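For reference, the chains in residue letters:
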Amino acid sequence: METKAVKEKRLEDGRAAMAACYQGFDPAAYLQYNYTPPRADFCRRDSIVPWKLGCLHRAFTEEDITGGVLVDVGSGPTLYQVLSGCEVFERLVLTDFLEVNRRELRGWLQEQGTSSLDWTPYLQHVCKLEGRGVSAWSEKAARLRAVVSDVLPIDVHCPQPLAPGALPSPGADCLVSSFCLESVSPDLDAFTRALGHIGGLLRPGGHLLLIGALGESFYLGGPGVEIPVVPLDEAQVCGSLRESGYTLIRMEVYTLPPDMRVGVDDVSGIFFVKARKD
Ligand SMILES: Nc1ncnc2c1ncn2[C@@H]1O[C@@H](CSCCNC[C@@H]2Cc3ccc([N+](=O)[O-])cc3CN2)[C@@H](O)[C@H]1O
């Protein structure tokens, strides 16, 4: 039987090892691997990014998803995960562990800002989902730039993942997190704990929209930068949500077709979860 001290030491060693893996993370390469065709092909109904954007659009347009503050946990260098939410919330907080990713996000958020990836096709696709003309993409870009109030450091392994005072006292009304927790947790125990930690950012009754990888054991965070991932199945995700104080509202699953397996990871499926904090 593992003593408390031994367990804490194991968890700390795992966190430190994971943090060391991320020192080689390359935002531009990561965006190229995962956010260009075939994984981001807006002309293919079975492409991954359109599936993710559809899940997010449906969830963010449901009437129970309301409030003032949306926090994106572990934004990475990507913006797609908040393109629907930015229309619903008046304040949006982006977060990431690495300064290189926060810099990438700030670069786009500046007026006429640019990023390592052209987000225009993403903005246009979400405008289409919203029934607006694709020409409304520049309005959406302006809306997103207007509602993002902060790009903050975060560590989901800390019981308080954000600096004190970063959020209003009741907590955020909604969290969104995409491909983060399983990619930064050495094991299922750490994944479950991280879910509990981010739950502390959320007011009771608030919602969590969680996108993650199924069956993934590694991914490339840059050329030659192999980062370990805790492989999850649907039952483990549901168990971790329950154990960390959420009520599952729904889970949707996407299974990767062979040509979406492009060698940058060994992910077999993707889950989209809508859950509510008890
Ligand atoms: N302690 C920490 N707390 C919070 N965030 C942290 C911490 N450590 C690192 N981070 C932060 O978390 C990271 C988030 S990016 C994680 C990438 N996840 C795996 C990757 C994603 C992906 C994308 C698309 C598709 N697809 O099929 O289309 C598949 C896959 C599966 N592979 C990174 O931003 C890091 O900076």
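For the structure itself, look to the data block above.
Here's what I pulled together on the structure shown here.

What counts and how
Residues numbered from 1 in each chain as written. Predicted model: local features only at pLDDT ≥ 70, side-chain atom pairs only at ≥ 80, totals over all residues. Heavy atoms only, no water. Buried < 20%, exposed > 50% of the residue type's maximum accessible area, 1.4 Å probe, protein only. Helix = DSSP H or I, 4+ residues; strand = E, 2+ residues; numbered from the N terminus. Pairing = 2+ DSSP bridges. Salt bridge = Lys/Arg side-chain N within 4 Å of Asp/Glu carboxyl O. Axes fitted to C-alpha atoms, helices over the stretch in contact; angles between N-to-C directions. Contact = heavy atoms within 4.5 Å.

Taken residue by residue, a regular strand's side chains alternate between the two faces of the sheet. In terms of residue burial, strand β1 (residues 69-73) counts as a mostly covered element, since five of its five residues are buried. Burial along β1 is two-sided: Val69, Val71 and Val73 and Leu70 and Asp72, pointing in opposite directions, are all buried. Where β1 and strand β4 (residues 172-178) come together, four bridges link them in parallel fashion. Of the residues in β4, the one forming a bridge with Leu70 is Cys174.

Next up on the list: the pattern of salt bridges. Oppositely charged side chains are able to pair whenever their charged atoms sit close together. Per the stated rule, a full pass over the model turns up 27 salt bridges. Across the pair Asp46 and Arg44 runs a salt bridge, and its minimum N-O distance is 2.7 Å. The exposure class of Asp46 is partly exposed, given its relative accessible area of 33%. Take Arg44: its relative accessible area is 23%, and that puts it in the partly exposed class. Its salt-bridge partner being Lys274, residue Asp64 comes within 2.8 Å of it at the nearest N-O pair.

What follows deals with the sheet that holds β1. The sheet built from seven strands is open, its strands ordered β3-β2-β1-β4-β5-β9-β8 with mixed pairing. Two strands in the sheet have a free side with no partner beyond their single neighbour: β3 (148-153) and β8 (246-255). Strand-to-strand, the axes of this sheet are offset by a mean angle of 15°, without reference to chain direction. Together, β1, β4, β5 (202-214), β8 and β9 (269-277) form the strand contacts of helix α8 (residues 188-199), whose direction differs from that of β5 by roughly 145°. Running at roughly 160° to β8, helix α9 (residues 234-243) makes contact with β5, β8 and β9 of the sheet.

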